[in-house]
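# A look at the structure
Residues per chain, in single letters:
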2 protein chains.
Amino acid sequence: MSHTVEILSVGTELLLGSIVNSDAQALSRELTGLGLNVLYHSVVGDNPGRLKAAVELARSRADVIVTTGGLGPTCDDLTKQTLAECFGKRLVFHPECAEDIRRFFARMGKEMTDNNLQQAYLPEGCTVLDNAWGTAPGCAFEADGTYVVMLPGPPSECLPMFRERALPWLARLSEGIIRSRTLRVFGLGESAVESLLRDRMNELINPTLAPYAKEGEVELRVTAKADTASEADALIAPVEAEVRALLGGLVYGADVSGLERVVLDGLRERGLTLGTAESCTGGLIAKRITDVPGSASVFKGGVVSYHCEVKAGVLGVSQALLDEKGAVCAEVAEQMAQGARKVLGCDVAVSATGVAGSDPDDRGNPVGLVFTALATPDGVWVKQLNLASQSARRDRTRNLAANHALDMVRRWIAGLDPAGMA
Amino acid sequence: MSHTVEILSVGTELLLGSIVNSDAQALSRELTGLGLNVLYHSVVGDNPGRLKAAVELARSRADVIVTTGGLGPTCDDLTKQTLAECFGKRLVFHPECAEDIRRFFARMGKEMTDNNLQQAYLPEGCTVLDNAWGTAPGCAFEADGTYVVMLPGPPSECLPMFRERALPWLARLSEGIIRSRTLRVFGLGESAVESLLRDRMNELINPTLAPYAKEGEVELRVTAKADTASEADALIAPVEAEVRALLGGLVYGADVSGLERVVLDGLRERGLTLGTAESCTGGLIAKRITDVPGSASVFKGGVVSYHCEVKAGVLGVSQALLDEKGAVCAEVAEQMAQGARKVLGCDVAVSATGVAGSDPDDRGNPVGLVFTALATPDGVWVKQLNLASQSARRDRTRNLAANHALDMVRRWIAGLDPAGMA
């Protein structure tokens, strides 16, 4: 029986919606990877009565409690006191923690106020999780069969504290191993993927196969539990092969962070460089490419030709064409991509032009009409997209357009028809 | 006594950490704005027993339950069935919902599979919240003194469904009105803002004044409760004036979505156009500008000059300068901004060049060293930034660099020293 976990986040700012609970997400991934079974997330405010009730509930329904938040120096920070009380422990002053806190302030060149020393009080007998990323140390203890880990709230502290400090302490609870592999699918909606795979998803127990819709794409996660990583991987492999056989070129990668990464890796392997020419996406494609560390070895640059003057003047799109057909047409997309190849001196360029706003453009082109093009040493391809949906959200339209542009490069690298859809 | 709320999110993907619970954040803001008191968030997986227990718990400790997720067409989608069971209601087929779902698929040009019709079964006697943003309708009902609202999980459906459909139904629960105004501050850290304002924040009860750190900036939220909106606004106004008097040019706007919006509005009023020249930010500045609807009337375009060839070839940065000093220096930033003004034909241009990666560049420039420049008809300014922090994250460095570049434009428009910091 694997251990069950509740992540209990403490902070009124979460309940007011001032911040999103990204700690719960990050810790869930980590704990699941450790083979623990996260059954509950809960959030309560900085209120001792409700926090105490939440702790009692958590210990009644999970055997591992991981708290986030409420370890800081202000009077709102109640987590340690409350947990200690629930588990019948005193708080004890840890001089070495006080020293760490003093050093942290010195290193940041800031003055330490006395209230910071409250952070050095921790439950008696606990394992101190010292905080190299902030001031509040965390702690871990076992009491009456419940394992408790307390972590600070700021995401820049919580996740490294978990990985570097809490994980070694929790490793003893891990029984067997859970491994998963995520196949990423572009070009088919979630319900279509699901209807193709429904029977297999229902049949499969170990590994399981589950779809997750992401904006404009679908993730298929194959998750296996076994005694060792290699046994788990051996369970996953045939299911992965089965999905790939069924979906073919629509599967663009496994355990990859996105289309931009696959495109960069593919071009790098072939020694090719990339450039962009963007109108409606306004820099988003270049931004997504340069989000990836190491993109500089492939990506030379881009032109955001938001106005037609820039399309003509910088990218060399024909002014006569712009006058005649406007900016949103297949020929302009092609000339943008070809222009980018030339101006930026890159091997491969993609472009996007279309209507991302909430109203048709002045030539009556509908919202969501987008052309993406790919220019390569082999030739030029263009794709016409209708990305309209009832919600017609600007960011969604732009993101889908960027996905399609990147997917054209991915398909070209893979030897598929760049403008094709299967 | 104001009503108390629990947000209950249903979905194993949340517990696995596949997605972050952004619905809970968005709904918390909305519910708080309505004067309701959000006391708990909880998350359970797609498991009927645990979901049922969570519903029973929620009704015992809150009088409004808002669920997200689990309304879709697959067999995992258990929310309606379970809630109906907990509150002793049958599920009834709603033909008009089935019609909506059919129409949705037709509009998207997709084929509807039969399982989608499951979404048309809703608890008897409920108010149907029809979904114009997806397929699964929501619903709302009151039973035994508990108010229940069920919303779909995808964030692109959940928030508009709340605002357009659930809010009118919930408005009856709102007592008095809560209004808030958010002052946005750039150029001073949260702890500095807090130490300047701590005494006032502690004194103020209605309105309250609270700081929220956002990446690279601070929001100061003034929140008042009153019988009417105008009474609440009258409570807020003097506190806003006090903060503005104290922080001066560091307050860049109130209730605005970000620096890019302020910059676009300011330039539009003056009839000026904008362009960008980006190296380390890789298109992020242009992307942020074009995220704003209507940006096309101001933003002409940008050049992402990731490689030096593009800096020299497209923007006209001196090759001798690049050879001598490399890409990361004040002069290159200046020439990039000046080049962008010329090449793009815009009145004002900003640039950014620096080291955003996780390692120093090949000239030994440290991570986080960034130069931003502003070129205008009045002259050129440049700012040297050290954006390194203990956890040098690429996205953080890039985002801060973009903020500083945009803030230079904002300060120039406001008549402040563009390269100044107060």
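Residues numbered from 1 in each chain as written. Chains lettered and ligands numbered in written order. Predicted model: local features only at pLDDT ≥ 70, side-chain atom pairs only at ≥ 80, totals over all residues. Heavy atoms only, no water.

Residue and element names in this part refer to chain A. With 12 residues, helix α2 (residues 22-33) should cover 16 Å at 1.5 Å per step; its first-to-last C-alpha distance of 17 Å lies within 8% of that length. Counting buried residues along α2, nine of its 12 residues qualify, which places the element largely inside the surrounding structure. Three or more residues of α2 are buried, namely Asp-23, Ala-24, Gln-25, Ala-26, Leu-27, Ser-28, Glu-30, Leu-31 and Thr-32. Directly after α2, the chain includes Gly-35, whose backbone phi takes a positive value near 85°. (Helix = DSSP H or I, 4+ residues; strand = E, 2+ residues; numbered from the N terminus. Expected span 1.5 Å × (residues − 1). Buried < 20%, exposed > 50% of the residue type's maximum accessible area, 1.4 Å probe, protein only.)

Next up on the list: the pattern of salt bridges. Residues and elements named next belong to chain B. Under the defined criterion, the tally for this structure stands at 51 salt bridges over all chains. With its nearest N and O atoms 3.3 Å apart, the salt bridge here joins Asp-144 to Arg-59. With Asp-144 in the loop between β7 (138-143) and β8 (146-151) and Arg-59 in helix α3 (residues 48-61), this residue pair connects regions lying 85 residues apart in the sequence. A relative accessible area of 66% means that Asp-144 is categorised as exposed. The residue Glu-240 makes a salt bridge to Arg-181 at a minimum N-O spacing of 2.4 Å. Of this pair, Glu-240 sits in helix α8 (residues 229-247) while Arg-181 sits in strand β9 (residues 177-186), placing them 59 residues apart in sequence. Residue classification places Glu-240 among the buried positions, given a relative accessible area of 11%. (Salt bridge = Lys/Arg side-chain N within 4 Å of Asp/Glu carboxyl O.)

This part is about the sheet that holds strand β1 (residues 4-10) of chain B. In any sheet, the strands associate via hydrogen bonds between backbone groups, in a parallel or an antiparallel arrangement. Sheet architecture is open: 12 strands sit in the order β6(A)-β7(A)-β8(A)-β3(A)-β1(A)-β2(A)-β2(B)-β1(B)-β3(B)-β8(B)-β7(B)-β6(B), paired in mixed fashion. In this open sheet, the two edge strands, each paired with only one partner strand, are β6 (127-129) of chain A together with β6 (127-129) of chain B. Each adjacent strand pair in this sheet contributes to an overall mean axis angle of 15°, direction not counted. Lying on the sheet, helix α3 (residues 48-61) of chain A is in contact with β1 (4-10), β2 (37-44), β3 (64-68) and β8 (146-151) of chain A together with β2 (37-44) of chain B; it crosses β1(A) at an angle near 170°. (Pairing = 2+ DSSP bridges. Axes fitted to C-alpha atoms, helices over the stretch in contact; angles between N-to-C directions. Contact = heavy atoms within 4.5 Å.)

For strand β14 (residues 299-304) of chain B, a buried count of six out of six residues is recorded, marking the element as mostly surrounded by other parts of the structure. Bridge count for strand β14 (residues 299-304) of chain A against β14(B) is three bridges, and the pairing is antiparallel. Counted as the bridge partner of Gly302(A) is Val304(B) from β14(B). Inspection of the sheet shows strand β13 (residues 274-278) of chain B paired to β14(B) by five bridges, in the parallel sense. When the sheet's bridge partners are listed, Gly275(B) is paired in β14(B) with Gly301(B). Traced from β13(B) through helix α10 (residues 284-290) of chain B to β14(B), the parallel crossover comes out right-handed. (Right-handed = clockwise from strand over helix to strand, strands pointing away.)

Another point: unusual backbone geometry. Of the consecutive residues Asn206(A) and Pro207(A), the connecting peptide bond is found in the cis state with omega at 5°. With respect to the secondary-structure elements, Pro207(A) resides in the loop between α7 (190-203) and β10 (208-214). For Asp144(B), which is not a glycine, the phi torsion comes out positive at approximately 50°. Even without being a glycine, Asp255(B) presents a positive backbone phi close to 55°. Structurally, the position occupied by Asp255(B) is in the loop between β12 (251-254) and α9 (259-269). By relative accessible area, which is 45% here, Asp255(B) ends up partly exposed.

For His94(A), the location among the structural elements is in the loop between β4 (91-93) and α5 (95-107). The contact partners of His94(A), leaving out residues within four places of it in the chain, are Ala120(A), Leu122(A) and Val128(A).

All names here are of chain B. For the pair α3 and helix α4 (residues 79-86), interaxial distance at closest approach is 10 Å and the crossing angle is 50°. It follows that α3 is oblique to α4 by the angle criterion. Classified by chirality, the crossing of α4 by α3 is right-handed. Where α3 approaches α4, its residues Pro-48, Leu-51, Lys-52, Val-55, Glu-56 and Arg-59 are matched on the opposing element by Thr-79, Thr-82, Leu-83, Glu-85 and Cys-86. (Parallel < 35°, antiparallel > 145°, perpendicular 65-115°, else oblique. Left-handed = near helix turned anticlockwise from the far one by under 90°.)

A full pass over the atoms with the stated rule returns nine aromatic pairs over all chains. Here the aromatic rings of Phe93(A) and Tyr121(A) are separated by 5.1 Å at their centres, their planes lie at 55°, and the arrangement is tilted. Of this pair, Phe93(A) sits in strand β4 while Tyr121(A) sits in strand β5 (residues 121-123); the two residues are 28 residues apart in sequence, bridging distant segments of the chain. We classify Tyr121(A) as partly exposed; its relative accessible area is 38%. Both rings, one in Phe87(B) and one in Phe141(B), keep their centres 5.6 Å apart while their planes meet at 75°; by these two values the pair is edge-to-face. On the criterion of sequence distance, the pair formed by Phe87(B) in the loop between α4 and β4 (91-93) and Phe141(B) in strand β7 is long-range, its members being 54 residues apart. Judged by relative accessible area, which is 7%, Phe87(B) ranks as buried. Sitting over the ring of Trp169(A), Arg172(A) keeps its end group 4.3 Å from the ring centre. Positioned above the aromatic ring of Tyr40(B) is the side chain of Arg61(B), whose terminal nitrogen or guanidinium carbon lies 3.8 Å from the ring centre. (Phe/Tyr/Trp six-rings, centres within 6.5 Å; stacked < 30°, edge-to-face > 60°. Lys NZ or Arg CZ within 6 Å of the ring centre and 35° of its normal.)

Residues and elements named next belong to chain A. Relative to the assigned elements, Thr-146 resides in strand β8. With relative accessibility at 5%, the residue Thr-146 sits in the buried group. Excluding residues that lie within four positions of it along the chain, Thr-146 makes contacts with Arg-59, Asp-63, Ile-65, Phe-87 and Phe-141.

Another point: the sheet that holds β10(A). Residue and element names in this part refer to chain A. Read across the open sheet, the four strands follow the order β10-β11-β9-β12; overall the sheet is antiparallel. Across the chains shown, the open sheet's two edge strands, defined by having one partner strand only, are β10 and β12 (251-254). Here the average twist between neighbouring strands, direction ignored, is 25°. Alignment of β10 against strand β11 (residues 217-226), held across seven bridges, turns out to be antiparallel. In the strand pairing of β11, Leu-209 is matched with Val-222.

Here we come to the interface of chain A and chain B. Put simply, an interface is often sized by how much accessible area is lost when its parts join up. Between chain A and chain B, the contact holds 70 residues from the first and 69 residues from the second. Seen at the junction of chain A and chain B, the total is four salt bridges. Across the pair Glu309(A) and Lys300(B) runs a salt bridge, and its minimum N-O distance is 2.5 Å. Remark: the boundary between chain A and chain B carries 35 residue pairs in polar contact (both at pLDDT 80 or more). Taken together, the residues of the side of chain A that touches chain B sort by class into 29 nonpolar, 26 polar and 15 charged. Note that β2(A) and β2(B) share five bridges and pair antiparallel. Across the sheet, the residue bridging to Val43(A) is His41(B), located in β2(B). (Polar contact = N/O pair within 3.5 Å; in protein donor to acceptor, adjacent residues only side chain to side chain. Nonpolar A, V, L, I, M, F, W, Y, C, P; charged D, E, K, R; others polar.)

Read these as spatial facts, not as claims about activity.
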